[in-house]
Amino acid sequence: MLVLSRKIGEIVTIGNSIEISVISYDRGVVRLGINAPRSVPVHRKEVYDRIIELNRQAAKTELEAMKSAISKSGYNFTKSLNSSESIQVVNFSTIKNSQ
Amino acid sequence: MNKAVDERRIVTLHFGEIKVGKDFIFNFPEGILGFEDLREFVLISEEETEPFKWLISIEQPDIGFPMLSPWLLDIEYNPGKIFSHEKNVFFAIVTLEDENHQMTANMKAPIILNSDSLEGRQIILSTDKYSTNFIIGSNK
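Being a predicted model, the structure only gives us computed values, none of them experimental.

## Remarks on the overall build of chain A
Helix and strand counts for chain A stand at 3 helices and 4 strands. Shown N-terminal to C-terminal, the secondary structure of chain A runs as helices and strands in the order β-β-β-α-α-β-α. Counting over 99 residues, chain A shows a buried share of 13%. Intrachain contacts of chain A at a sequence separation of at least 6 include 0% that bridge at least 24 residues.

Following this line, the structure appears as structure tokens:
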């Protein structure tokens, strides 16, 4: 790992389009300013790790577990038209009947 | 023309063997976080779990993400202008917590499917307004 020392107000550049500046330092907390193109996602690492962990957990959700969670949730889902109605969806009930 | 060429046959964990027309396959150029190798997915709806949808991997069909429109949870959900496009459809991935199967939705990192290009991706919103664990209902 490359380790650099910087003072407040000083900048590190990464490639041609990313700049990281040290804004302030106070009681163990460093504030960084980051200039990067919109195409480069910048996130706190723990957010990123959390999302990966949640995705891994979601990926193994079983159909039956989901059915029981929905019925237990007591949540009133509006089944009316919403944005997802305009997307390509394979309707399992339909294909099941046609096979 | 041979119809079979335009169809993929996969054996899913959730729904058994299904045939998927190529017009129903979404391509994820960058995969999904934690599943960067998986590039092709199909969106499936199943009566008993409506209005949730299932995003099932074509390449590894035992992988399937339950998802829900974020607007069903928060009518004012606003992922921001740069991702808003009339052909973009948003979903929040739903997780069942280990202990009590409480459902939570990841509003911070929605899946976007484009109904025109059939491309999909998972984005992370920069705003801190949305939780990765939005609680759905109350599981008592």
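## Here we look at the environment of I93 of chain B
Assignment of secondary structure puts I93 of chain B in strand β7 (residues 88-96). Accessibility expressed as a C-beta count within 10 Å gives 27 for I93 of chain B, which makes it buried. Through-space distance from the C-alpha of I93 of chain B to that of Q122 of chain B is 9.7 Å; in sequence the pair is 29 residues apart. Those residues in contact with I93 of chain B, other than ones at most four positions away along the chain, are L54, N55 and A58 of chain A together with F65, M67, N106 and I111 of chain B.

## What about the nonpolar core?
All names here are of chain B. Within the largest apolar cluster, 45 residues are counted, with the highest numbers of intra-cluster contacts made by L43, L55, M67, L68, A92, I93 and V94. Ranked by residues supplied to this core, first place goes to β7 with 7 residues. Filtering out sequence-adjacent residues up to four positions away, M67 remains in contact with F52, K53, L55, F91, A92, I93, V94 and I111.

## So, the pairing of strand β1 (residues 7-12) of chain B
All names here are of chain B. Note: β1 against strand β2 (residues 16-21), 6 bridges, orientation antiparallel. The residue of β2 that forms the bridge with V11 is E17. In sequence, β1 turns back onto β2 through a hairpin of 3 residues.

Cut-offs used in this document
- Residues numbered from 1 in each chain as written.
- Chains lettered and ligands numbered in written order.
- Predicted model: local features only at pLDDT ≥ 70, side-chain atom pairs only at ≥ 80, totals over all residues.
- Helix = DSSP H or I, 4+ residues; strand = E, 2+ residues; numbered from the N terminus.
- Buried ≥ 20, exposed ≤ 12 C-beta atoms within 10 Å, placed from the backbone.
- Contact = placed C-beta atoms within 7 Å.
- Core = buried A, V, L, I, M, F, W, Y, C linked by C-beta atoms within 7 Å.
- Pairing = 2+ DSSP bridges.

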